[in-house]
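Understanding the architecture of this molecule
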Amino acid sequence: MLNNITMGQYYPVDSKVHRLDPRIKLILTIVFIVAVFMAKTFAGYALILGFVWMTSRLANVPFRMLMRGLKPLRLIIILTFLLNLFFTQGDTVWIEFWVIRITKEGFMQAAFYSLRLAFLVVGTSLLTLTTSPVALSDGIEILLTPLKKIHFPAHELAMMMTIALRFIPTLLEETDKIMKAQMARGADFESGNLLSRAKAMVPLLVPLFVSAFRRAGDLAMAMESRCYHGGEGRTRLRVLKITRNDWIACGAMAVLLGLIILEGIIL
Amino acid sequence: MQTDTRVQLNDVSYTYEEQAQPALSGVSAVIQPGEFVAVLGHNGSGKSTLAKLLNALYIPTEGNVLVCGYDTREEKLVWEIRQRAGMIFQNPDNQIVATVVKEDVAFGLENLGVPTEEMLPRIESSLSAVRMSKYADTAPHMLSGGQKQRVAIAGILAMEPSVIIADEATAMLDPSGRKEVLETIRTLNRLKGITVIWITHFMEEAAQADRVLVITDGRIRLSGTPAEVFDRVDEMREMHLDVPHMTALAAELRAAGMPLKSGILTVEELVEEVERLCPLKSAT
Amino acid sequence: MSIEVSHLTHCYSEGSALRTVALNDVSFRIEDGEFIGIIGHTGSGKSTLVQHLNGLLKPSSGQVLVDGEDLNGEHVNRRALRQRIGLVFQYPEYQLFEETVAKDIAFGPKNQGLSADEIAERVRYAMDCVHLNYEKYAERSPFELSGGQMRRVAIAGVLAMRPSVLILDEPTAGLDPRGRDKILTMLEELHAREHVTIIMVSHSMDDMARLADRLIVMSEGKIVADGLPREIFAREDMMTSIGLDVPAAARLCAQLRTKGYDLPADLFRPEELKEQVLRLWKEGSAC
């Protein structure tokens, strides 16, 4: 049954990293990305790798879970590596054979580009693995609150995310049910060419949309009857508090960034 | 004004947009504080429209609705009214907003702007009142229908209402879910004195109310205690409504000449009457 | 056509920590023309069972034999067999998708590959079975109809495939008394007039008392009783122990018997009780 699907890729264990304020984690993720872009040497990347490894240890997230996030991007990373390897101009020729010409500069650039890509994915995975979708939408809402001045709908955006998360399991279950019901009427979702398969989706999609709209209408009425009137004057059950650990995390990130800048200057 | 916790309908009519026939016409009723009133009617009778009028989701086309002394026609009172008259809907899935039970219970409080430190105790006591405390951190989609409805009730309860309106809250539940939700509401009615307006088409639920209003074609057709209302078996049937099996059986026995007392609703009551009218030979 | 279920077991999430046994060694046989009620608490395995009867789920072990043929056998045309066993899910109105009632009902026959004439004839037949006037409703959008009417359109969509066996999961759930009575009357006629074998899953003991001529009681993935309604309803203790009620008339009968009245043990219809109570009264006043 679809009852037990996990949402997103959140890895539900308790850890110091999980308990960090989502706002801080969001900001630190951005800083991390900056650090990844600033690293210019292998020593820099070694530092970042060390940081990621330490964080995953602290977060009780197995390292292979992090690596799993790279899987769908394998091809792109390999492609990035190869393209840079073969097509970067350079002087220090390592191998020259027929039309293939591999230079030291090419190799370095290929390695850096693909490492950068990999670390971007791993860094954001660390965020989503250790932060529940609800906490994430909370963090985003608060971080975007200053933008309300320019009429950016921060609260509405977060509310939409929460409702979407709430209804994903319900709609999945419903999809399963409608699919079976149409199969009982002889519908065939599995065979035929692309066009006939797309056409076979109509008996599934129409009822699903109808039901989503009906649910949306019901929910709007239920929310109104419980005094929902937008973000104005609203208090919250979950109040985000910055703790000592958050400051420690910020410190650690500052050290990482500092070291990377430093080694860029020295080396 | 605060002391008035009645719900009053004064000659209320409501017509949906683009419709000629009114969904409700000329409905008047007063519901006393602490009363458990069942509103019985088939689909399209106007009973759901009535529910939505009581929560200021709809505003009467004619007449007025007073909830705890507040007139629903006054736009600025709408949040006052909705806080005092909480509503539970039919589909358990479509009224839960949050991804965790206790956060859903908090939803109404957040909307009212209740300070955070006040929220937790209110959430805890409402969850315990519906016996759902141990599910506080559960995701709603893991719950049964009856449990979801109890979470919805807790969400209303946390807002400390005087009136709870249930709009066919049991229609989509199985018999045990139906029983657990009705029992929860009856306990709240008895212990906390919350007025309950229970809209339903299940006669066995209406039979447990203090008073039954029967609605057809947008009008109140019958009103009285369950015994008074259900004894009018023929009228109820004519309106396509059920009567409790024992009431129907008693009516037939009466028609066949047996002098049964009126107002029989349960098996136990009928057994008593049979004992009275047909004493066992061994006992004498 | 006969359906034989033998030693059927079904587990969800096989091979994971969430493994749950929904059906545990279930066996029974359904003969042509029966009207069977399947009752049980939510989670007793009823819904899983009916999906097996239509081949929508694959057994973890055991077999479902239709006229002696294994529904999950290797060389079996599952789609063809499925069409002979119509399955109506809970709240079937949620699967309607076409612009008109007629087109929606035609979906099944179309999938069967029938000719246009045959399809048109089937649509009329099915609408007639569910008491929907063809002239009035065929060209209407199914989404404009009332809940009860939508449900009848959905049932017509299954009947249009002319199944020999019709399985319905909670066909009256969520309907008001009028909508419920219409569905039940329709099923009664279908069984009597068209000789369709009907298997109905329901929570309503009153619906069962009115229609079924055999009851299968399920609890925790097993069949705990299988027999005539009057036999099953006379076992009030067994029924309450698995969270089920018996009809009010059966309770009245049981209570009068414990008081010492001389009544047959297996009454469950109000008409029967009426006669018996009148007899008691007349005997009582005679002496």
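Everything numeric here is computed off the predicted structure, so don't read it as measured data. Numbering of residues begins from 1 in every chain and follows the order in which that chain's sequence is written. Following the order in which they are written, the chains are lettered starting with A and the ligands numbered starting with 1. For this predicted model, a pLDDT threshold of at least 70 governs which residues receive local features, and a threshold of 80 or more governs which side-chain atom pairs are given and counted, while totals over whole chains, interfaces and linings are taken from all residues. Side-chain descriptors were evaluated using all non-hydrogen atoms of the structure, hydrogens and water having been removed beforehand.

Moving on: the interface of chain B and chain A. Throughout, a contact is declared for two residues whenever any of their heavy atoms are within 4.5 Å. Between chain B and chain A, the residue contacts involve 40 residues of the former and 31 residues of the latter. Note: buried area is the sum, over both parts, of the accessible area (probe 1.4 Å) each one loses when the two are combined. Together chain B and chain A conceal approximately 3100 Å² of surface at their shared face, both sides included; 58% is due to carbon and sulfur atoms. If you sort the residues of chain B by the area they bury against chain A, Asn94, Asn111 and His141 of chain B come out on top, with a joint share of 22%. What makes a salt bridge here is a side-chain nitrogen of Lys or Arg within 4 Å of a carboxyl oxygen of Asp or Glu, nothing more. At the boundary of chain B with chain A, the tally comes to five salt bridges. Polar contacts, as counted here, are pairs of nitrogen or oxygen atoms within 3.5 Å of one another; within protein the pair requires one atom able to donate a hydrogen and one able to accept it, and residues that are adjacent in sequence qualify only if both atoms are side-chain atoms. On inspection of chain B and its partner chain A, the count reaches 15 residue pairs in polar contact (both at pLDDT 80 or more). Among the secondary structure elements, those contributing two or more residues to the side of chain B that touches chain A are α2 (78-84), α3 (101-112), α4 (116-129) and α5 (145-157) of chain B. A run of H or I in DSSP counts as a helix once it spans at least four residues, and a run of E counts as a strand once it spans at least two, with each numbered from the N terminus. Among the elements that make up the side of chain B that touches chain A, the one with the highest residue count is α3 of chain B (eleven residues). Only Asp, Glu, Lys and Arg are considered charged in this grouping, and only Ala, Val, Leu, Ile, Met, Phe, Trp, Tyr, Cys and Pro are considered nonpolar; every other residue, Gly among them, is considered polar. Among the residues forming the side of chain B that touches chain A, the class breakdown is 21 nonpolar, twelve polar and seven charged.

Moving on, we get to the domain arrangement of chain A. How big an interface is tends to be reported as the loss of accessible area on association of its parts. Throughout, the edges of the domains are those of an automatic or database domain assignment. When the domains of chain A are assigned, the result is domain 1 (2-131 + 241-266) and domain 2 (149-225). Taking only C-alpha atoms into account, the centre of domain 1 of chain A sits 35 Å from that of domain 2 of chain A.

Bringing a nonpolar patch on the surface into the picture now. Residue and element names in this part refer to chain A. In this analysis, a patch consists of residues with relative accessible area above 30% that form no salt bridge, clustered at 9 Å for like charges and at 5 Å for the nonpolar side chains Val, Leu, Ile, Met, Phe, Trp and Tyr. Calculation of accessible area relied on Shrake-Rupley with a 1.4 Å probe; when residues are assessed, cover is drawn exclusively from the protein chains displayed. A contiguous nonpolar patch, built from Ile78, Leu79, Leu82, Leu83, Phe86, Phe87, Trp94, Ile95, Phe97, Trp98, Val99 and Ile100 and spanning about 1300 Å² of accessible area, is present on the exposed surface. Contributions of two or more residues to the nonpolar patch are made by α4 (74-87) and β1 (93-97). Per element, the largest residue contribution to the nonpolar patch is six residues, and it comes from α4.

With that settled, consider the sheet that holds strand β3 (residues 35-40) of chain C. Residues and elements named next belong to chain C. Pairing between strands requires that DSSP locate at least two bridges from one strand to the other. Spatially, the six strands line up as an open sheet ordered β6-β7-β8-β3-β9-β10, and their pairing is mixed. Looking along the sheet, the strands with just one partner apiece sit at the ends: β6 (85-88) and β10 (222-227). Direction aside, neighbouring strands of the sheet carry axes that sit 15° apart on average. Pairing analysis gives four bridges linking β3 to strand β8 (residues 197-201), with the strands arranged parallel. With axes taken as lines fitted to C-alpha atoms, and helix axes fitted only over the stretch in contact, angles between N-to-C directions fall between 0 and 180 degrees.

Glancing now at the pairing of β10 of chain C. Residue and element names in this part refer to chain C. Here strand β9 (residues 214-219) pairs with β10 via five bridges, running antiparallel. The residue bridging Ser219 from the neighbouring strand is Lys222, located in β10. Hairpin connection from β9 to β10: two residues lie between these consecutive antiparallel strands, with Glu220 at a positive phi of about 45°.

Moving on, we get to the environment of Leu83 of chain A. All names here are of chain A. For Leu83, the location among the structural elements is in helix α4. For Leu83, a relative accessible area of 48% puts it in the partly exposed group. Sequence separation between Leu83 and Ile33 is 50 residues; the distance between their C-alpha atoms is 23 Å. Exposure classes here rest on a 1.4 Å probe applied to the protein chains alone. A residue is buried below 20% of its type maximum, exposed above 50%, and partly exposed in between.

As a further point, take the interface of chain A and chain C. Residue-level contacts link 20 residues of chain A with 24 residues of chain C. Across the interface of chain A and chain C, roughly 2000 Å² is buried in total on both sides, 61% from carbon and sulfur atoms. Counting every contact that joins chain A to chain C gives one salt bridge. Among the ionic pairs, Asp104 of chain C bridges to Arg185 of chain A, the shortest N-O distance being 3.0 Å. Across the chain A-chain C interface, the total number found is four residue pairs in polar contact (both at pLDDT 80 or more). When contributions to the side of chain A that touches chain C are tallied by element, the ones reaching two or more residues are α7 (154-184) and α9 (202-225) of chain A. With eight residues, the top contributor of residues to the side of chain A that touches chain C is α7 of chain A. Among the residues making up the side of chain A that touches chain C, the classes are represented as eleven nonpolar, three polar and six charged.

Only buried Ala, Val, Leu, Ile, Met, Phe, Trp, Tyr and Cys residues count toward a nonpolar core, and they belong to the same one when joined by side-chain atoms within 4.5 Å. Within the largest apolar cluster, 55 residues are counted, with the highest numbers of intra-cluster contacts made by Ile105, Leu166, Leu187, Ile198, Phe233 and Met239 of chain C. The element that contributes the greatest number of residues to this core is helix α6 (residues 147-159) of chain C, accounting for seven residues. The contact partners of Leu187 of chain C, leaving out residues within four places of it in the chain, are Phe35, Leu166, Leu168, Pro171, Ile198 and Met200 of chain C. Of all hydrophobic cores here, the second largest spans 53 residues; its members include Leu109, Met119, Leu143 and Ala152 of chain B.

Okay, a positive patch on the surface next. There is a patch of like positive charges on the surface, built from Arg64, Arg68, Lys71 and Arg74 of chain A. Along the chain, Arg64 of chain A turns up in helix α3 (residues 63-68). Positive: Lys, Arg. Negative: Asp, Glu. His and the chain ends are not part of the count. To locate a charge, the coordinates of NZ of Lys, CZ of Arg, CG of Asp or CD of Glu are taken.

Take unusual backbone geometry next. Residues and elements named next belong to chain C. Backbone geometry places Asp67, a non-glycine residue, at a positive phi of 50°. Looking at the element boundaries, Asp67 is found in the loop between β4 (61-66) and β5 (69-70). One non-glycine residue, Tyr91, lies in the positive phi region at around 45°. Residue position: Tyr91 is located in the loop between β6 and α3 (101-111). By relative accessible area, which is 11% here, Tyr91 ends up buried.

A few words now on the pairing of strand β2 (residues 100-103) of chain A. Bridge count for β1 of chain A against β2 of chain A is four bridges, and the pairing is antiparallel. What sits directly across from Val93 of chain A, in β2 of chain A, is Thr103 of chain A.

What follows concerns the sheet that holds strand β2 (residues 20-30) of chain C. Residue and element names in this part refer to chain C. With antiparallel pairing, the four strands of this open sheet are ordered in space as β2-β1-β4-β5. Sheet topology places β2 and β5 at the edges, where each strand pairs with a single neighbour. Note that strand β1 (residues 3-12) and β4 share five bridges and pair antiparallel. The residue bridging Ile3 from the neighbouring strand is Val66, located in β4. Strands in contact with helix α1 (residues 46-53) are β1, β2 and β4; relative to β1, the strand with the most contacts, it is inclined by about 125°.

So, on to the domain arrangement of chain C. Residue and element names in this part refer to chain C. Domain assignment breaks chain C into domain 1 (1-76 + 194-244) and domain 2 (247-287). Just the C-alpha atoms count here: the centres of domain 1 and domain 2 sit 32 Å apart. Between domain 1 and domain 2, the residue contacts involve nine residues of the former and ten residues of the latter. Overall, the association of domain 1 and domain 2 removes approximately 780 Å² of surface from exposure, summing both partners, and the carbon and sulfur fraction of that is 56%.

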